[in-house]
Amino acid sequence: MISTLRETLRLGLIALIGLAVSPASAQEPFYKGKRLSVLVNFAPGGSTDIEGRLFARHIARHLEGVSQVVVQNMDGAGGFNGSAYIGEIASRDGTMVGFLGGTAWQYANEPARFRTDVRTYEFIAFQPGTTVYYVRKDVAPGMNDAGDIVKAQGLIAGGNGVHNARDLLIRLTLDILGVQHRYVTGYRSGQTARLALQRNEVNFYAEPASAYRGAVEAQVIQPGTAIPVYVDPIYNGETLSDSPQVEGLPIPAFQELYRKLKGAPPSGEKWDNYLSVLALTSAMGRLVALPPNAPEAAVTALRNATARLNEDKAFAEDSMKALGFVPNYVTGADTNRLARQTLTVKPETRAFVADYIKRANK
């Protein structure tokens, strides 16, 4: 009798414990059995694509139960088409996430272009970045040293689109240095612009550090076609610092080259607006975001997976081989607030840039 009572109580206790924990323990991982599409807003072969594919390849191991992670490219309009697609058309069920380059500046500069407010996206992570500028050596009178850029004659700068942040930085840095140049834009990706430089259609261009280490060095620097000129520093809105992505590269930061050539630090309206653009592009070079109103469980799962990616040795090794550095994604419960807070610029800066874009090639 006593043993029977004990057994009854034991079974009852187990049942109660099961009821207490079943909602949490029985809840299946959000991505179990689902396919996740990573939408990259530039064409295959460019720096955003290379980084997006690395992200997709390794994030799969950290999303429990996911059936497949695939990459989808949607380029056009300097990355705008893919960025807008995430907010306007992409499914909001958590099965498509954007891996976006240049979006922070595009929105901050021209928010009206987006029919869906980018600040309503669900931000998973963002990654700081920097850009390396390079020039063909055969530009007259001969480019053998970074300082020769101020002597350049017949310089033709390539770009991806007049609204593209990198295009703005290319033009601004050349204008700040006082380098006369012609600006040719509309190349679909960094890879196509790089090919144009190799064919001598353009002779000056800039690419993210990932593309520089992963492709530019081997394709145009080591063969002697071009030389690096300067890199963008990281700017947090208050101070300038060196980017770890270009650590070990013997290339001066833009402001350092300017000081060396001009004998004083850069200043003036164009410099101030260069810093404004840089604050967004260097701090938020890459955005990882779900569409607005995506399931909270999807947001949490992807943020947790991205945090684990930061500690993933296989991802680090793969990144070093492909990029020459290891991306570090800023992610966590505060990501939405930080991203939304950063997605703004002063009205006077927006007015300057709008006029500056209109004056391209005029």
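Residues numbered from 1 in each chain as written. Predicted model: local features only at pLDDT ≥ 70, side-chain atom pairs only at ≥ 80, totals over all residues. Heavy atoms only, no water.

Caption draft 1: Spatial organisation of the side chain of Ser83. Within the secondary structure, Ser83 sits in helix 3 (residues 80–88). Classification of Ser83 as buried rests on a relative accessible area of 0%. Separated by 3.1 Å, the side chains of Ser83 and Asn41 make a polar contact. With residues up to four places along the chain from it excluded, the contact list for Ser83 reads Asn41, Leu100, Thr103, Gln106, Phe114 and Tyr121. (Helix = DSSP H or I, 4+ residues; strand = E, 2+ residues; numbered from the N terminus. Buried < 20%, exposed > 50% of the residue type's maximum accessible area, 1.4 Å probe, protein only. Polar contact = N/O pair within 3.5 Å; in protein donor to acceptor, adjacent residues only side chain to side chain. Contact = heavy atoms within 4.5 Å.)

Caption draft 2: Quick look at the environment of Gly102. Turning to its location among the elements, Gly102 is positioned in the loop between strand 3 (96–101) and helix 4 (103–109). On the basis of relative accessible area, Gly102 is assigned to the partly exposed category, the value being 25%. Separated by 179 residues in the primary sequence, Gly102 and Thr281 place their C-alpha atoms 6.8 Å from one another.

Caption draft 3: Examining the packing of aromatic side chains more closely. For the structure on display, the rule yields 16 aromatic pairs. On the basis of an interplanar angle of 65° and a centroid distance of 5.9 Å, the ring pair of Tyr107 and Phe114 is categorised as edge-to-face. For Tyr107, a relative accessible area of 5% gives the class buried. Relative accessible area serves as the criterion here: at 6%, Phe114 is assigned to the buried category. Each residue in the set Tyr133, Phe204, Tyr230, Phe254, Trp271 and Tyr274 is aromatic and connected to the rest through ring pairs, giving one cluster. Here the guanidinium or amino end of Arg113 rests over the ring plane of Phe80, the centre of that ring lying 4.1 Å away. Between the NZ or CZ atom of Arg171 and the centre of the ring of Tyr183, over which it lies, the distance is 5.4 Å. (Phe/Tyr/Trp six-rings, centres within 6.5 Å; stacked < 30°, edge-to-face > 60°. Lys NZ or Arg CZ within 6 Å of the ring centre and 35° of its normal.)

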